[in-house]
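Report on the structure
Each chain, letter by letter, is given below.
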Amino acid sequence: MKSSRFEIDMCNGSIMDKLVSFALPLMASSILQLMFNAVDIIVVGHFNGREALAAVGSTTALINIFTNLFIGISLGANVLAARYQATGRTKEMSEAVHTAITLALVSGILMAVVGVLLSRGALELMATPANVIGQSALYMKIYFCGMPFFMLYNYGAAILRAVGDTKRPLLYLIVAGLTNVVLDLLLVIVIPLGVAGVAIGTVSSQMVSCILVLRCLYRSEGAYQLRFSKLTMKWIYLRHIFAVGIPAGIQSTVINFSNAMLQSSVNSFGDTAMAGYTAANNILGFLYSAINAVTQACMSFTSQNYSVGKQKRMDRVLLDCGILSVGVSLVLGVGAWAFGSQVLRIYTTDAEVIACGLEILSITTVPYFLCGIMDLIPGALRGMGHSAVPMILSVIGTVGTRIVWIYGFFPHNRSLFFLFISYPGSWIATILMQAVCFWFVRKKCIQQLKKTAAV
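Quick notes on the rules
Per-chain numbering applies: the sequence of each chain, read as written, is numbered from 1 onward. Where local features are concerned, this predicted model is filtered to residues with pLDDT of at least 70; where side-chain atom pairs are given and counted, the filter is 80 or more; whole-chain, interface and lining totals use all residues. The side-chain values count all of the structure's non-hydrogen atoms but skip hydrogen atoms and water molecules. Where helices and strands are cited, they refer to DSSP runs of H or I of at least four residues and of E of at least two residues respectively, numbered from the N terminus. Working rule for contacts: check all heavy atoms of both residues, and any pair within 4.5 Å makes them a contact. For each residue, the accessible area found with a 1.4 Å probe, counting protein chains only, is set against the maximum for its type, and the residue is called buried under 20%, exposed over 50%, and partly exposed in between. Think of a polar contact as two N or O atoms within 3.5 Å of one another; within protein, one of them needs to be a possible hydrogen donor and the other a possible acceptor, and neighboring residues in sequence only count if both atoms come from side chains. In these notes, a set of buried Ala, Val, Leu, Ile, Met, Phe, Trp, Tyr and Cys residues joined through side-chain atoms within 4.5 Å is what counts as a nonpolar core. Here the aromatic set is Phe, Tyr and Trp, taking the six-membered ring for Trp, and pairing holds for ring centres within 6.5 Å; pairs whose planes are under 30 degrees apart are stacked, those over 60 apart are edge-to-face, and all others are tilted. Remark: a charge is flagged as sitting over a ring if the NZ atom of Lys or the CZ atom of Arg is within 6 Å of the ring centre and within 35 degrees of the ring normal. Lines fitted to the C-alpha atoms define the axes, with helices restricted to the stretch that makes contact. Angles between their N-to-C directions range from 0 to 180 degrees. Note that the term roughly parallel is reserved for angles under 35 degrees, roughly antiparallel for angles over 145, roughly perpendicular for angles of 65 to 115, and oblique for everything else. By the definition used in this description, the sense in which the near helix is turned from the far one sets the handedness, with an anticlockwise turn below a right angle giving left-handed and a clockwise turn giving right-handed. Three residue categories are used. Nonpolar comprises Ala, Val, Leu, Ile, Met, Phe, Trp, Tyr, Cys and Pro, charged comprises Asp, Glu, Lys and Arg, and polar comprises the others, including Gly.

**Regarding the environment of Gly 333**
Relative to the helices and strands, Gly 333 is located in helix H11 (residues 311-338). Separated by 49 residues in the primary sequence, Gly 333 and Leu 284 have C-alpha atoms spaced 8.6 Å apart. Apart from the residues within four sequence positions on either side, Gly 333 is in contact with Leu 287, Thr 365 and Val 366.

This is the structure we're talking about:
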């Protein structure tokens, strides 16, 4: 069922070109969304100095902990909508869409309240230095006020991805990104509001992207058309969304919790290292956005093909996604390593901060293709409706390895390079466990498909 020129038929025809057509706009969208934070970092780094840069950067891990559970749940909405799209179940598709959008609104409001109330206390638990904690808390409180817009955009975009439309969310983020740049420059240079200015700019840009994606769903002629009078939360759809989304959200949240512990270790080196980590981590964020776009493609394509029983096509989707993920991450990772100092100068001109950033990039960028593989296998498993076991294995492999490294080995060899060896180490450990899990789940799913076909 293809009712729009923006949609992609994921169940028929060649695969690689459709994966590229799906993944490239999503990759660009993810990078633009990350640019909201990057622009904040660049502007305050150049116009407000090291402390402001450290203040904004120190919030990243905490913001991710708060937001990723609910963003992970949006993956459940994506998988469910993709199945209904592939099988032509228009009534169920419409009800699932309205349930997902209502869930996004409620969770966005909840996150705004929690974020405003708990920001400073959470920063204190992370041992954020006294000279930056005031600015960090202010940035987080304003940022979290925009959570309803942030959640509505992400859930709306997840629904569009389920039908193969990744181009319109990209266009909306271009508009929002330009809005963010203009407001950041206005509210930092012309009206000197510092970190508050960049936070206001980010929230405003999120509101723009939210309005545009809701307008798109409202004007759609497909089964995913949005009508505000039909907003509801039906348990039958919530159950399916939560079955895939909650494990994915927990996995992402717990992994970011390990990153928050790592942030605490970085904080112990002082604001210079914090600023270096802020810039380096933002570069790694761009790498992750690129490979995560391929993972999202794998999940959507797998979900649609699984729902119509095309097992061989599912295998080909995973293989092609693996080729894309490794290729993209190697090109970007090697590029980030080779031109690290030049890229870091975009964020700051402080030589000491750049040196700290380069120390982190030297161990994390080239092997980043391992992170791509680690991310891809759970994406395929979620597309088949299995999310809990890969979540457990990711937590054990990624978080467990990092905890052992941070508290067992790092105290005896205190350097940023040694601290961040935990990244590739945790990726390798997780890949090994995920591969075994995938073999067993794939075997079980093939048996289920054969039984269904025999009925």
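**Details of the side chain of His 98**
By the element assignment, His 98 lies in helix H4 (residues 90-125). Given a relative accessible area of 2%, His 98 falls into the buried group. There is a polar contact of 2.9 Å between the side chain of His 98 and the backbone nitrogen of Arg 227. The residues touching His 98, leaving out its near neighbours within four places in the chain, are Gln 225, Leu 226, Arg 227, Lys 230, Leu 231 and Thr 232.

**What to know about the nonpolar core**
Judged by nonpolar contacts, the single largest core of 67 residues is most densely connected at Ile 101, Met 151, Tyr 155 and Tyr 224. If one sorts the elements of this core by residue count, helix H3 (residues 60-87) sits on top with 12 residues. When residues no more than four places from it in sequence are discounted, the contact partners of Ile 101 are Leu 152, Gly 156, Ile 159, Leu 214, Leu 217, Leu 226 and Leu 231. In this structure, Met 274, Ile 363, Leu 416 and Leu 419 belong to the second largest nonpolar core, which totals 35 residues.

**Things to note about the packing of aromatic side chains**
Describing an aromatic ring pair means giving the distance of the ring centres and the angle of the ring planes. According to the stated counting rule, one finds 14 aromatic pairs in the structure shown. Three or more aromatic residues joined by ring pairs make a cluster, and in this case those are Tyr 277, Tyr 368, Phe 420, Tyr 423 and Trp 427. Over the face of the ring belonging to Tyr 218 we find Arg 227, whose NZ or CZ atom lies 4.1 Å from the ring centre.

**Topic: the packing of H4 against helix H6 (residues 147-162)**
Packed helices, taken two at a time, are described by their axes: the angle between them and the distance between them. Their axes nearest at 7 Å, the elements H4 and H6 cross at an angle of 155 degrees. In terms of their interaxial angle, H4 and H6 are classed as roughly antiparallel. Crossing angle aside, the handedness with which H4 passes H6 is right-handed. Residues Val 97, Ala 100, Ile 101, Leu 103, Ala 104, Leu 105, Ser 107, Gly 108, Ile 109, Met 111 and Ala 112 of H4 form the contact with H6, whose participating residues are Met 147, Pro 148, Met 151, Leu 152, Tyr 155, Gly 156 and Ile 159. Per-class residue counts for the contact of H4 with H6 are 15 nonpolar, 3 polar and no charged.

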